[in-house]
Amino acid sequence: MLTPLTRELADEVAGWFVDDDEGRRRLDADFYGGVQPRWWTLVQRCANRYGWVGLAGDEHVGFVDMEVVDEEGSLTMYIRPAFRRRGLGTALLRLAAVEARAMNVPALVGHAESDYVASIRCLVAAGFLEDGRDDYGPCVQASADRYVAAAQNCPAEDGRLWRPQARRRLCRRLLDP
C-alpha cells in the first residue's frame, strides 16, 4: 500500500539514510534526508511532484518520488535495507503505476546506474522496458545492454562538480498515445 507523503513521514524517511551507505551513494541523501529534506518542500509546493511511502503490513518499507514533466512521470524509488530483496520495490513501482494512471500520466520513467543490477531488475519486473535514452546527459550505446555517459564534467546547481555516470533509462507506458 502507498500512503501520501506528509511532513512526519518525510522526517522518518530522512532518518533511513543515516546507516545506509548504499542508499546515500545511489540517491541524493541530502535531498531526501538531512535536517531539512528538500523533497518534502517540493511535494508540498509543486503541482507536478508527488511522494508516497510504502507500507507492508504496518511497516514503512520505502518510498516513491514522482515528478511529472512533459507527460512522463520520472520515478525515484528507495527500499529500506532491512526490507530489500523481498520484491517490495517491484510492488511499490506497480502501486505507483496505478496512482500515475489515475492521474492520466501516460508513461513512467526510471533511471538506474548501469552497475545497479538490483534496481534494473526491479524496474523490469514492474513492467518497465529499456528505451535507451538518458535525459541526464549525452549517451552512446556501448553494447546491447549498457550505456555510457560522455566523459565530461558538469557543474551542478549548487556548484558541486557532477560527473555523468553510466545510466540506463527504462520506461513503462500506462496510457495509449
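Up top is the structure these notes are about.
Worth saying up front: this structure is predicted, and the values here are computed from it rather than measured.

A. Quick peek at the overall build of the protein. For the protein, the count of helices and strands is 6 helices and 11 strands. Out of the 177 residues belonging to the protein, those deemed buried represent 42%. Of the contacts formed within the protein by residues at least 6 apart in sequence, a portion of 58% connects residues at least 24 apart. Accessible surface, the protein as shown: approximately 10000 Å² in total, 50% of it carbon and sulfur.

B. Highlighting the nonpolar core. Ranked by internal contacts, the top residues of the largest apolar core, which has 24 residues, are Leu75, Leu93, Leu108 and Phe128. If you list the elements that add at least two residues to this core, you get β3 (59–69), β4 (72–79), α5 (88–102), β5 (107–113) and α6 (117–125). At 6 residues, the largest contribution of residues to this core is made by α5. Apart from the residues within four sequence positions on either side, Leu108 is in contact with Met66, Gly73, Leu75, Ala96, Ala97, Ala100, Phe128, Leu170, Cys171, Arg172 and Leu174. The next biggest cluster of nonpolar side chains, apart from the first, holds 16 residues, and it includes Phe17, Ala29, Val53 and Tyr78.

C. Seen up close, the environment of Gly87. You can see Gly87 is positioned in the loop between β4 and α5. The exposure class of Gly87 is partly exposed, given its relative accessible area of 47%. Through-space distance from the C-alpha of Gly87 to that of Ala126 is 9.8 Å; in sequence the pair is 39 residues apart.

D. Molecular detail of the environment of Glu12. Assignment of secondary structure puts Glu12 in helix α1 (residues 7–16). Taking the C-alpha atoms as reference, Glu12 lies 9.9 Å from Val53; in sequence the two are 41 residues apart.

E. Spatial organisation of the packing of aromatic side chains. Counted under the stated rule, the structure contains 5 aromatic pairs. Ring plane angle 15 degrees and centroid distance 6.1 Å describe the contact between Trp16 and Tyr78, whose orientation is recorded as stacked. Here the residue Trp16 occupies a position in helix α1, and Tyr78 occupies one in strand β4, the gap between them amounting to 62 residues. For the pair Trp16 and Tyr78, a shared accessibility class is recorded, and that class is buried. Taking the centre distance of 6.1 Å and the plane angle of 10 degrees together, the rings of Tyr50 and Trp52 count as stacked. Grouping aromatic residues by their ring pairs yields a cluster made of Trp16, Phe17, Trp39, Phe63 and Tyr78.

F. Structural context of the pairing of β4. Sheet topology note: the β3/β4 ladder contains 8 bridges and is antiparallel. Bridge pairing in β4 places Glu67 opposite Ser74. Where β3 hands over to β4, the hairpin turn is made up of 2 residues, of which Asp70 adopts a positive phi near 50 degrees. Crossover β4 to β5 through α5 is right-handed.

Rules used in this analysis
- Residues numbered from 1 in each chain as written.
- Predicted model: local features only at pLDDT ≥ 70, side-chain atom pairs only at ≥ 80, totals over all residues.
- Heavy atoms only, no water.
- Helix = DSSP H or I, 4+ residues; strand = E, 2+ residues; numbered from the N terminus.
- Buried < 20%, exposed > 50% of the residue type's maximum accessible area, 1.4 Å probe, protein only.
- Contact = heavy atoms within 4.5 Å.
- Areas by Shrake-Rupley, 256 points an atom, 1.4 Å probe, with all protein chains shown as cover.
- Core = buried A, V, L, I, M, F, W, Y, C linked by side-chain atoms within 4.5 Å.
- Phe/Tyr/Trp six-rings, centres within 6.5 Å; stacked < 30°, edge-to-face > 60°.
- Pairing = 2+ DSSP bridges.
- Right-handed = clockwise from strand over helix to strand, strands pointing away.

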